[in-house]
Amino acid sequence: MQAFSHLLDSFIPEHYDLSLTLAREARTFHGTVSIKGYQKSSVDIPFHAKDLTITSATVDGKSVEYTHSEHDELRLAHALPGAHIVVLQFEGTITDAMHGMYPCYFEVDGVKKELLATQFESHHAREVFPCIDEPAAKATFDLTLTTEENVEVLGNMPVEWQRVEPEGLVTKFQSSPRMSSYLLAWVVGELQKKSATTKDGVEVNIWATHAQPAAALEFPLDIAVRSIEFYNDYFGTAYPLPKADHVALPDFSSGAMENWGLITYREMALLADPTTTSISSKQYIATVIAHELAHQWFGNLVTMQWWNDLWLNESFATLMEYLAVDAIHPEWNAWLDFASNETIGALRRDALDGVQSVQVEVNHPDEISTLFDPAIVYAKGARLLRMVQHFVGDDTFQQGLKHYFTEHAYGNTVGDDLWQALSDASGKDIVEMMNTWTSQPGFPVVQASLKDNRITLSQQQFFVGQHATSDRTWPVPLNASTDTAPILFTDKSVEFEYNSKAPFALNVGDTAHFITQYDETLYARLIGAVRNGSLDMLGRIQLLDEATLLARGGKLSSAQLIPLLDAYRDETAEPVWNIIAIAISELKKFVQDDEAAERKLRQLTYTIARSKYLELGWNQKENETEEQTKLRSTIIGLTLYGEDEEAITKAKELYETTPLESLDAELRPLIISSVARYGDGSVVDELLEHYRSSQSAELKQDICIGITSTRIPAKIEQLLAVIKNPDIIKPQDVARWFVYLIRGRESNDASWRWLQENWGWIEDTFGGDKSYDDYPRYSASGLSTQQQLDEYIEFFQPLENVVALSRAIKLGIAEIEGKVELIALDKTAVIDALKKL
């Protein structure tokens, strides 16, 4: 694909003075921007401007002609290199697309209200003012906003002055530090806040609409303050701004956005109402806040040069969110969540042929939105950084980061700059080692075999589904359980002595990005260690998760998961039970059209969970740990899948006797799912009305999870129709509803048909958003038959020329092919194994 030009090569902005007047009710804005900068060549001065009407353009006080060209470029007829001041006047429109500047809708006591908010990442600042909209084009910003009166007006920096003038409330913010255009932000509307100050004097504010209870702001405030204090110590570089605002927006496409000093979130990613928020949700909120605050250093203070190094921002923030939360709440065992969340997502996605590498070239503006693959740029990248952190040691890792921030503060970097800082700190060649990992897609499976007291290791790229031949190798930190193994495995194969009868394991601590296939002898020893309790919790998670992957890749029969699950029958740890539940889900696809085998799988699930179900029950016990509270949810979920009549009856009883918001927050989605699945259509109608009227993001999410479990065809069609009604389901939540429906057994076909019939609406609603490629991706996650594969190819292949969709479609085809191939390969063996139980 032909590369497009970087406007920074022609004009270097130094300072923007931006004044905007916002007419919320009229859905318009107009403004003036004065841009001080340097013209590098004797060609036209270029800026990015999209869907803006330019009404005046001057350079150094003299009017100039201007034209629009492709790639959102505005060109001013001025051919004199040197320092200049460009002044542009312009007008624009406020639209419901959740990028640029857009309205957020909410209700307070039945009265409809609105906020105005911005979302400029990745290249949407150009929709609000002319600028050089590239991450390397850092400049300082002066921002003045004229708005309606009696509202809060928030920006990146503290307010310098504010006064009421005839045209409205005028707010002038302090000058910003040097930063990229995509980090500029503002929020305007009726808001409440809770505030605190860090020990270093940084003002921290949590903001939300008055539709939310004030108590919901307390938990995130504590996490935000403690995260900043942790990062100040860990990075050895002080938080760079005087304040840190965190704003919960009623409408927001992403989970959160790290605008410097003004971080914006979905309400469910920031607010924690103590009466309705589960422990799991509080832990999620903590990681999101820690992630966005990590960006204030890694992404904002030091920014990637171009979008091909997006991983520098997102991978690092993902790693740091776990480091911070583990320091703030060590009792949560954050690294076990990392193993059961980031690791699983990264390995499954990275096993598909055609997946992007962590670092990937960007040759077209529409490709930028496709980079934000959470399993690769976030999860895999974080695993790679965790790998290098472990390889060099945490103290050395911190030392390298301090040098990195000192050298590159307020500037831009490429990946090699980080690797060089860690190389200098450690004395190891991290540059060469890590460039292999970031430039190559995929990961290795290391095969381990024992013979004559010697272990032989070999590596090859691991794939799920059809794939091209690969001879890729990686420098693999083995982290072996024996000192006789090499530290770094760089060749195709290696051999070393092993005389012990103890279990042998690779990747101890799960700090490297590979999986292991053990021979029969080594595998049996590890299973024995599971049974006798000598394998640690992380090791038990790894063994079962990697077994499901090896089965997906055809290197282990899926039928072998059944006896492996039996080894986990006495498991006590909640994170391991999450993997047990995933392994059981891996078997469901083999029995969908065999009722007898499905009954056997349900019975197996019931039997495995039974002792824990009897121990934990439905009610929280005095002095139980948070882990036990979370485990109860997993165990009851498995028991309900096992169709235990007593559990189904209990769920129905709780639903009928307890207000939704008063149900145990950990169990609420399970209770709703059970009554929706086994109840009549009136339950769906009742739940849908609760969803429409609730202002609680947590409760809405739980209803969405539950209501989509209905088996009634007419109600499935009703839910699919409601997806397009923004008065009930906000556009930000459409993808969530769709993914739950297409992954549901009874709603799968109808949901797939709905997507095809309503693609025009999806394109119109989400075509310019980062979530656009969610739809081919989520569709693929729910399709598993040859007929559905054929239909997917027929429908989506003509759309492969759409840059924003191309990669997701190709991976979607590979994912469905892998499932179809696996079902054909293992179905008979799985069914036979289940029927013998």
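Structure: see above.
J.: Now, about the overall build of the protein: what can you tell me, with residues and values included?
T.: A count of helical and extended segments in the protein gives 26 helices and 28 strands. The C-alpha atoms of the protein give a radius of gyration of 27 Å, which matches the 28 Å a tight globule of 837 residues would have. Dimensions of the protein, computed from C-alpha atoms along their principal axes, come out at roughly 85 × 65 × 55 Å. In the protein, which comprises 837 residues, the share counted as buried stands at 62%. For the protein, contacts bridging at least 24 residues in sequence account for 71% of all contacts bridging at least 6. Of the charged side chains in the protein, 71 are positive and 122 negative; the average position of the first set lies 5 Å away from that of the second.

J.: So what about the environment of Ile-582? Which residues, and what values?
T.: Here Ile-582 shows up in helix H13 (residues 574-588). Judged by relative accessible area, which is 27%, Ile-582 ranks as partly exposed. Separated by 482 residues in the primary sequence, Ile-582 and Gly-100 have C-alpha atoms spaced 39 Å apart. Once you skip the residues sitting within four places of it in the chain, Ile-582 turns out to touch Ile-344 and Arg-348.

J.: Describe the sheet that holds strand E24 (residues 454-461), with residues and values.
T.: The mixed open sheet is built from four strands, whose spatial order is E27-E24-E23-E28. If you trace the sheet from one side to the other, it starts and ends with strand E27 (493-497) and strand E28 (515-518), each paired once. The sheet shows a mean angle of 25 degrees between the axes of neighbouring strands, direction not considered. For E24 and E27, the ladder comprises five bridges, and the chain directions are antiparallel.

J.: So what's going on with the packing of aromatic side chains? Residues and values would help.
T.: Within the structure shown, the criterion is met by 43 aromatic pairs. With a centroid separation of 6.0 Å and an interplanar angle of 20 degrees, the aromatic rings of Trp-752 and Tyr-792 are classed as stacked. Here Tyr-792 lies in helix H25 (residues 786-796) and Trp-752 lies in helix H22 (residues 748-757), a separation of 40 residues in the sequence. For the pair formed by Trp-752 and Tyr-792, the shared burial category is buried. A ring pair is formed by Trp-752 and Phe-795, whose centres lie 6.2 Å apart and whose planes are at 80 degrees; its orientation type is edge-to-face. Remark: Phe-795 occurs in helix H25 and Trp-752 occurs in helix H22; sequence separation between them is 43 residues. Across the pair, Phe-795 and Trp-752 agree in class, each one buried. Of the aromatic side chains, those joined through ring pairs into one cluster are Phe-230, Tyr-231, Tyr-234, Phe-235, Tyr-239, Trp-297, Phe-298, Phe-316, Tyr-404 and Phe-405. Sitting over the face of the ring of Tyr-691, Lys-700 holds its NZ or CZ atom 4.2 Å from the ring centroid. Stacked on the ring of Phe-372, the Lys or Arg Lys-770 has its end atom at 4.1 Å from the ring centre.

J.: Which residues make up the pattern of salt bridges, and what values go with them?
T.: What the rule picks out here adds up to 49 salt bridges. Lys-172 is paired through a salt bridge with Asp-142; the nearest N and O atoms lie 3.6 Å apart. Of this pair, Lys-172 sits in strand E14 (residues 168-173) while Asp-142 sits in strand E11 (residues 140-147), placing them 30 residues apart in sequence. This pair shows no difference in class: Lys-172 is buried, exactly as Asp-142 is.

J.: A description of the side chain of Asp-273 should follow, citing residues and the corresponding values.
T.: The topology assignment puts Asp-273 in the loop between strand E20 (262-266) and helix H2 (279-295). Here Asp-273 sits buried without a salt bridge, and the closest side chain of opposite charge, Arg-668, lies 8.5 Å off (N-O distance). Leave out the neighbours within four places in its chain, and Asp-273 touches Pro-213 and Ala-216.

J.: Would you mind going over the packing of helix H16 (residues 645-657) against helix H17 (residues 668-678) in detail, with residue names and values included?
T.: Where H16 meets H17, the axes come as close as 9 Å, and the angle between the chain directions of the two elements is 105 degrees. One finds that H16 runs roughly perpendicular with respect to H17. The segment H16 lies against H17, with Ile-648, Ala-651, Lys-652, Leu-654 and Tyr-655 engaging Ile-671, Ser-674, Val-675 and Tyr-678.

J.: Summarise the pairing of strand E13 (residues 159-165); cite the residues concerned and give the values.
T.: Across six bridges, the pairing between E13 and E14 is antiparallel. Bridge pairing in E14 places Trp-161 opposite Lys-172. The loop that links E13 with its antiparallel partner E14 comprises two residues.

J.: Go over the side chain of Arg-386 with me, naming the residues and quoting the values.
T.: Looking at the element boundaries, Arg-386 is found in helix H6 (residues 374-392). Filtering out sequence-adjacent residues up to four positions away, Arg-386 remains in contact with Leu-319, Trp-335 and Thr-511.

J.: Tell me about the pairing of strand E9 (residues 100-108), and please be specific about residues and values.
T.: Counting buried residues along E9, seven of its nine residues qualify, which places the element largely inside the surrounding structure. Sheet analysis places E9 next to strand E10 (residues 111-119), joined by nine bridges and oriented antiparallel. What sits directly across from Cys-104, in E10, is Leu-115. Once E9 ends, the chain turns through two residues before running back antiparallel as E10, passing Asp-109 with a positive phi of about 55 degrees.

J.: Give a detailed account of the packing of H6 against helix H8 (residues 415-426), specifying residues and quantitative values.
T.: For the pair H6 and H8, interaxial distance at closest approach is 11 Å and the crossing angle is 15 degrees. Between H6 and H8, the angle is such that the two are roughly parallel. Judged by the twist between their axes, the crossing of H6 over H8 is right-handed. The residues of H8 that touch H6, namely those facing Leu-385, Val-388 and Val-392, are Leu-418, Trp-419, Leu-422 and Ser-426. Along the lines of polarity and charge, the residues of the contact of H6 with H8 split into six nonpolar, one polar and no charged.

J.: Requested: an account of the environment of Pro-135, with residues and values cited.
T.: Along the polypeptide, Pro-135 turns up in the loop between E10 and E11. If we ignore the near neighbours within four places in the chain, the residues touching Pro-135 are Ser-180, Tyr-182, Thr-303, Met-304, Gln-305, Trp-306, Trp-307 and Asn-412.

J.: Any chance you could break down unusual backbone geometry for me, citing the residues and the numbers?
T.: The omega angle of the peptide bond from Glu-121 to Ser-122 is 5 degrees, so this bond is cis rather than trans. Following the sequence through the fold, Ser-122 ends up in the loop between E10 and E11. Of note in this structure, Asp-72 is not a glycine but carries a positive phi near 60 degrees. One can find Asp-72 in the loop between strand E6 (66-69) and strand E7 (73-76). Asp-72 gets classed as partly exposed once you look at its relative accessible area, which sits at 22%. In this model, Asn-453 sits at a positive phi of 60 degrees, which is unusual for a non-glycine residue. Tracing the backbone shows Asn-453 in the loop between strand E23 (444-451) and E24.

J.: Can you explain H16? Please cite residues and give values.
T.: The end-to-end C-alpha separation of H16 is 18 Å, in line with the 18 Å expected for 13 residues at 1.5 Å each. By the burial criterion, the buried members of H16 are Ala-647, Ile-648, Lys-650, Ala-651, Leu-654 and Tyr-655. What you see down the axis of H16 is that its buried residues fit within an arc of 160 degrees, all on one side. Along H16, the residues that are exposed and aim more than 90 degrees away from the buried face are Glu-645, Glu-656 and Thr-657.

J.: Give a description of the sheet that holds E6 that names residues and reports values.
T.: Within the open sheet, the three strands sit side by side as E3-E7-E6. Their pairing is antiparallel. In this open sheet, the two strands that pair with only one neighbour each are strand E3 (45-48) and E6. Within this sheet the neighbouring strands show an average axis-to-axis angle of 25 degrees, counted without direction. Bridging between E3 and E7 involves four bridges; their strand directions are antiparallel. Within E7, the residue paired with Ile-45 across the bridge is Leu-76.

J.: Residues and numbers for the environment of Gln-389, please.
T.: Following the sequence through the fold, Gln-389 ends up in helix H6. Judged by relative accessible area, which is 5%, Gln-389 ranks as buried. In the structure, Gln-389 is positioned 122 residues away from Thr-511 in sequence and 8.8 Å away in space, judged by C-alpha atoms. Other than its neighbours up to four places away in sequence, Gln-389 contacts Tyr-234, Leu-319, Leu-323, Asp-394 and Phe-397.

J.: Please set out helix H26 (residues 803-835) residue by residue, giving values where relevant.
T.: Relative to the 48 Å expected for 33 residues at 1.5 Å per residue, H26 spans 47 Å between its end C-alpha atoms, a close match to the ideal helical length. Residue Asp-826 marks the point of greatest curvature in H26, where the axis turns by about 50 degrees.

Thresholds applied
Along each chain, the written sequence defines residue order, and numbers are assigned to residues from 1. Whole-chain, interface and lining totals are the exception, using all residues; otherwise, since this is a predicted model, local features are given only for residues with pLDDT of at least 70 and side-chain atom pairs are given and counted only at 80 or more. Hydrogens are left out, water is left out, and the side-chain values use all remaining heavy atoms of the structure. Here a helix means four or more residues in a row that DSSP labels H or I, a strand means two or more in a row labelled E, and each is numbered from the N terminus. The globule rule is 2.2 Å times the number of residues to the power 0.38, and the radius of gyration it is compared with is taken over C-alpha atoms. Whether a residue is buried, partly exposed or exposed follows from its accessible area with a 1.4 Å probe, protein chains only, as a fraction of its type maximum: under 20%, in between, or over 50%, in that order. Residues count as neighbours in contact if any of their non-hydrogen atoms are within 4.5 Å of one another. His is not counted, nor are the chain ends, whereas Lys and Arg count as positive and Asp and Glu as negative. Here the site of a charge means atom NZ of a Lys, CZ of an Arg, CG of an Asp or CD of a Glu. At least two bridges found by DSSP between two strands are what make those strands a pair. For helices, the fitted line uses only the C-alpha atoms of the stretch in contact; every axis is such a line through C-alpha atoms, and the angle between N-to-C directions lies from 0 to 180 degrees. Stacked, edge-to-face and tilted are the three classes for Phe, Tyr and Trp ring pairs, Trp counted by its six-membered ring, which pair at centre distances within 6.5 Å; planes under 30 degrees apart are stacked, over 60 edge-to-face, the rest tilted. The rule for a charge over a ring is simple: NZ of Lys or CZ of Arg within 6 Å of the ring centre, and within 35 degrees of the ring normal. When a carboxyl oxygen of Asp or Glu is within 4 Å of a side-chain nitrogen of Lys or Arg, the pair counts as a salt bridge. Here roughly perpendicular refers to angles of 65 to 115 degrees, roughly parallel to angles under 35, roughly antiparallel to angles over 145, and oblique to all remaining angles. In this scheme, a crossing is called left-handed if the near helix is turned counterclockwise away from the far one by less than a right angle; it is called right-handed if the turn is clockwise. Any residue outside Ala, Val, Leu, Ile, Met, Phe, Trp, Tyr, Cys, Pro, Asp, Glu, Lys and Arg is labelled polar, Gly included; the first ten of those are nonpolar and the last four are charged. Helix span, as expected, comes to 1.5 Å for every residue beyond the first. Along the arc lie the directions from the helix axis toward the C-beta atoms. One fitted axis covers the seven residues ending at a residue, a second covers the seven starting there, and the bend at that residue is the angle between these axes.

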